[in-house]
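Residue-level structure breakdown
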Amino acid sequence: MKKQFLRVKQLANQTVGRAEKTEVLSDELLQIEKKIDNVKLATHNVTKKLSACQQGGGDNLDKRMHFRKKKLPQSALSQSMLESSSLMGDETLLGTLFQLCGEGQGNLAKDLTNYEMEVEKTVMTPLTNLQEVDIPAIQTQRKRLAKLVLDMDSARSRYHSAIRSSNTGGNQAAAMAKAESLKDEMDDAQSRMNLCRDALATDMYQFVSKEQEYAHNLISLVEAQIRFHRAAISSLEKVLPAMKGQLEQAMMKPVYGLSLEEHLKITERDIALPLEACALALLEWGMEEEGLFRVAGSSSKTKKLKAALDSGIITGLADLEEYVQDVHSISGALKLYLRELPEPLMTFDLFQDWMEAGSTQDPQVKLQALWSVCDRLPKQNYNNFRYLIKFLATISTNSEVNKMSASNLALVLAPNLIWSREEGGNGMEDAALGVMVTGVASMIVQTIIQHADWFFPGEFDFQPSTPGSAGSTPQGSSTMLSAVGDSAEPVNGSGDHSLLADKLHAAHTESTQHDVTQSEGYVPRSVYETAV
């Protein structure tokens, strides 16, 4: 009790400046002491945030281990997907993908569990021990040293006071004896202080020497994260091909916005489903409908028909009977399909060639140029373009009733058949260019519709297609002819083309219809029918 009283008295004297305060730590040790305080604060903040990142939850390791799998969001997601798979059934595409994805999420939860366990063991536990065990031990030693320094300063102060008293008092012997006793007490206090100071310095130096070991915990964290993410990627990469495989096997993809090539490959067709189904429906019910393709149909009906084609519900003419009362919605769905193709039916690559051919002034040269470009279309585009042109030509034959001549059809459909890659620019210049392109494109489509049997000679069947049966004449078999007066000679010099040209020449010579002029620049349909 007396020692505690003397410490308080000495501390008070030091506080008000009546006694000196002895600093027993070197500047180096004082810097280390400050560093220790900062490390404790830093590790406390990092450990707290790192613990918040542990999705397993819980206040201690055992609790987190017990509840981790149950609390992980990935585990809950996996369980929900597996339950959804059972609900949907394995025979459905969505049910199968729920099953595969649920298994993948379950594996991801396992990887996350292993990661969190590793982080707790190799990172969080060492950092927690650092801030809760190692640093507090040093700080406790520092507090003990502070008390011993106060004891030493107090003993020194009392010793010096006794010396002064012995020099002025009457009983010098007693005073000297007391001073000697206080000197022994001072020496003992200093000895104990030195021992504590040396122990504290040892702990501080050891702390500094272990800084590399403490820092390695952060490297362990990053390494654990790398292993987790690699394991997670591996788990997901295992399930992804199976999911994609199931999706590909389903062979069910939206029709609109899908490339022509991919649509034909998936459906194993020669003619695109929307083109064939809508054309057959319009030939059946729309031949006498005024303003076909020009008059807009019901927006809701058109959207419904598009969705039905996308879903695979409509496969032929019989599935379109509910649209008999609004054939304009059928023509609208066909126009929309052509416009939503990623690449126009007449292709990007041939855009400039089409424009150059369509801008030719001489009618005969224009026909020859257009035929040349048309013949360079990819096979699938050629077959579908021929189907469309033959269909439009048939529609135009009844133009006195439906008011849709070749020029009117071309005007509304050409923008959906050909456009450039750069379409959609801004400014008056682009707008003017767009008007010019639209005019040339309309003239191209009008010319091809008007001379459909010249571009695509032979009989043609609009009925549902099977692989290899799109139209009656394969691409390239129609010979490009220059018909002037009674002469006809093939531009293409192949043997098959020459044979067809000979037949055409003979049929044309015998025909009584000799009203083909150089300005018209084509062989009449009757001549082709006779030759073919």
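Residues numbered from 1 in each chain as written. Predicted model: local features only at pLDDT ≥ 70, side-chain atom pairs only at ≥ 80, totals over all residues. Heavy atoms only, no water.

Along the chain, the regular secondary structure elements total 20 helices and two strands. The buried share among the 532 residues of the chain stands at 42%. Accessible surface for the chain amounts to roughly 28,800 Å². Of this, 53% is attributable to carbon and sulfur atoms. (Helix = DSSP H or I, 4+ residues; strand = E, 2+ residues; numbered from the N terminus. Buried < 20%, exposed > 50% of the residue type's maximum accessible area, 1.4 Å probe, protein only. Areas by Shrake-Rupley, 256 points an atom, 1.4 Å probe, with all protein chains shown as cover.)

For the rest of this paragraph, the subject is unusual backbone geometry. Look at E268: it is not a glycine, yet its phi comes out positive at around 55 degrees. Looking at where E268 falls in the secondary structure, it is placed in the loop between α8 (260-267) and α9 (273-285). Positive phi is not limited to glycine here, since F293 has a value of about 75 degrees. Note on placement: F293 falls in the loop between α9 and α10 (299-311).

Side chains of L87, M88 and L94 sit close together on the surface and give an oily, nonpolar patch of about 320 Å² of accessible area. Positionally, L94 belongs in helix α5 (residues 93-168). A relative accessible area of 47% places L94 in the partly exposed class. (Patch = residues over 30% accessible without salt bridge, like charges linked within 9 Å, V, L, I, M, F, W, Y side chains within 5 Å. Salt bridge = Lys/Arg side-chain N within 4 Å of Asp/Glu carboxyl O.)

Inspection of every chain in the model, using the stated rule, returns 13 aromatic pairs. Aromatic side chains Y382 and F456 sit 5.6 Å apart centroid to centroid with 80 degrees between the ring planes, which places their arrangement in the edge-to-face category. Placement of the pair is Y382 in helix α14 (residues 379-396) and F456 in the loop between α18 (452-455) and β1 (481-484), with a sequence separation of 74 residues. Accessibility assignment for this pair places Y382 and F456 in one class, buried. Where Y387 meets F460, the ring centres are 5.7 Å apart and the plane angle is 65 degrees; that geometry is what we call edge-to-face. One end of the pair, Y387, is in helix α14; the other, F460, is in the loop between α18 and β1, and 73 residues separate them in sequence. Residue classification places Y387 among the buried residues on the basis of a relative accessible area of 1%. The rings of W354, Y382, F385, W454, F455 and F456 are connected pair by pair, giving a single aromatic cluster. Lying across the ring of Y323, K301 places its NZ or CZ 5.6 Å from the centre. It is R339 that lies over the ring of W419; its NZ or CZ is 4.3 Å from the centre. (Phe/Tyr/Trp six-rings, centres within 6.5 Å; stacked < 30°, edge-to-face > 60°. Lys NZ or Arg CZ within 6 Å of the ring centre and 35° of its normal.)

Counting 73 residues, the largest nonpolar core has F293, W354, M355, F385 and F391 as its most contacted members. Looking at this core element by element, the count peaks at nine residues for α14. Sequence-distant contacts of F391, that is, excluding residues within four places in its chain, are made with A279, L282, L283, F293, L334 and F462. (Core = buried A, V, L, I, M, F, W, Y, C linked by side-chain atoms within 4.5 Å. Contact = heavy atoms within 4.5 Å.)

What follows concerns the packing of α14 against helix α16 (residues 406-413). Two numbers describe how α14 lies on α16: the axes approach to 9 Å, and their chain directions differ by 135 degrees. With respect to their mutual orientation, α14 and α16 come out oblique. In terms of crossing hand, the pair formed by α14 and α16 is right-handed. Across the interface between the two elements, L392, I395 and S396 from α14 touch A406, L409 and L413 from α16. (Axes fitted to C-alpha atoms, helices over the stretch in contact; angles between N-to-C directions. Parallel < 35°, antiparallel > 145°, perpendicular 65-115°, else oblique. Left-handed = near helix turned anticlockwise from the far one by under 90°.)

Because the α-helix completes a turn every 3.6 residues, residues three or four places apart line up on one side. Across its 13 residues, helix α13 (residues 363-375) extends 18 Å between first and last C-alpha, which sits within 8% of the 18 Å expected from 1.5 Å per residue. Those residues of α13 not exposed but buried are Q364, K366, L367, L370, W371, V373 and C374. Capping the start of α13 is the job of one residue whose side-chain oxygen sits 3.1 Å from the backbone nitrogen of Q364: D362. (Expected span 1.5 Å × (residues − 1). Polar contact = N/O pair within 3.5 Å; in protein donor to acceptor, adjacent residues only side chain to side chain.)

As a further point, take the environment of V445. In this structure, V445 sits in helix α17 (residues 428-450). Judged by its relative accessible area of 0%, V445 falls in the buried class. As a C-alpha pair, V445 and L411 span 34 residues in sequence and 8.3 Å in three-dimensional space. With near-sequence residues (within four places) excluded, V445 lies in contact with M346, A410, A414 and L417.

With that settled, consider the side chain of T96. By the element assignment, T96 lies in helix α5. A relative accessible area of 15% places T96 in the buried class. Engagement of the side chain of T96 in a polar contact is seen with the backbone oxygen of D90, the distance being 2.9 Å. Other than its neighbours up to four places away in sequence, T96 contacts G89, D90 and Q246.

α14 packs onto α9 with a crossing angle of 15 degrees between their chain directions and a minimal axis gap of 11 Å. Classed by the angle they form, the pair α9 and α14 counts as roughly parallel. In the packing of α9 onto α14, the handedness of the crossing is left-handed. Contact residues: L275, E276, A279, L280, L282 and L283 in α9; N384, Y387, L388, F391, T394 and I395 in α14. Classifying every residue of the contact of α9 with α14 by side-chain character gives nine nonpolar, two polar and one charged. (Nonpolar A, V, L, I, M, F, W, Y, C, P; charged D, E, K, R; others polar.)

When pLDDT is averaged along the chain, the result is 80, and 76% of the positions lie at 70 or above. Segment residues 467-474: pLDDT under 50, and 17 contacts once partners within four positions in sequence are set aside and those in other chains are kept. Taken together, the stretch residues 476-532 has pLDDT below 50 and engages in 91 contacts with residues farther than four places along the chain or on a different chain. (pLDDT = per-residue confidence, 0-100.)

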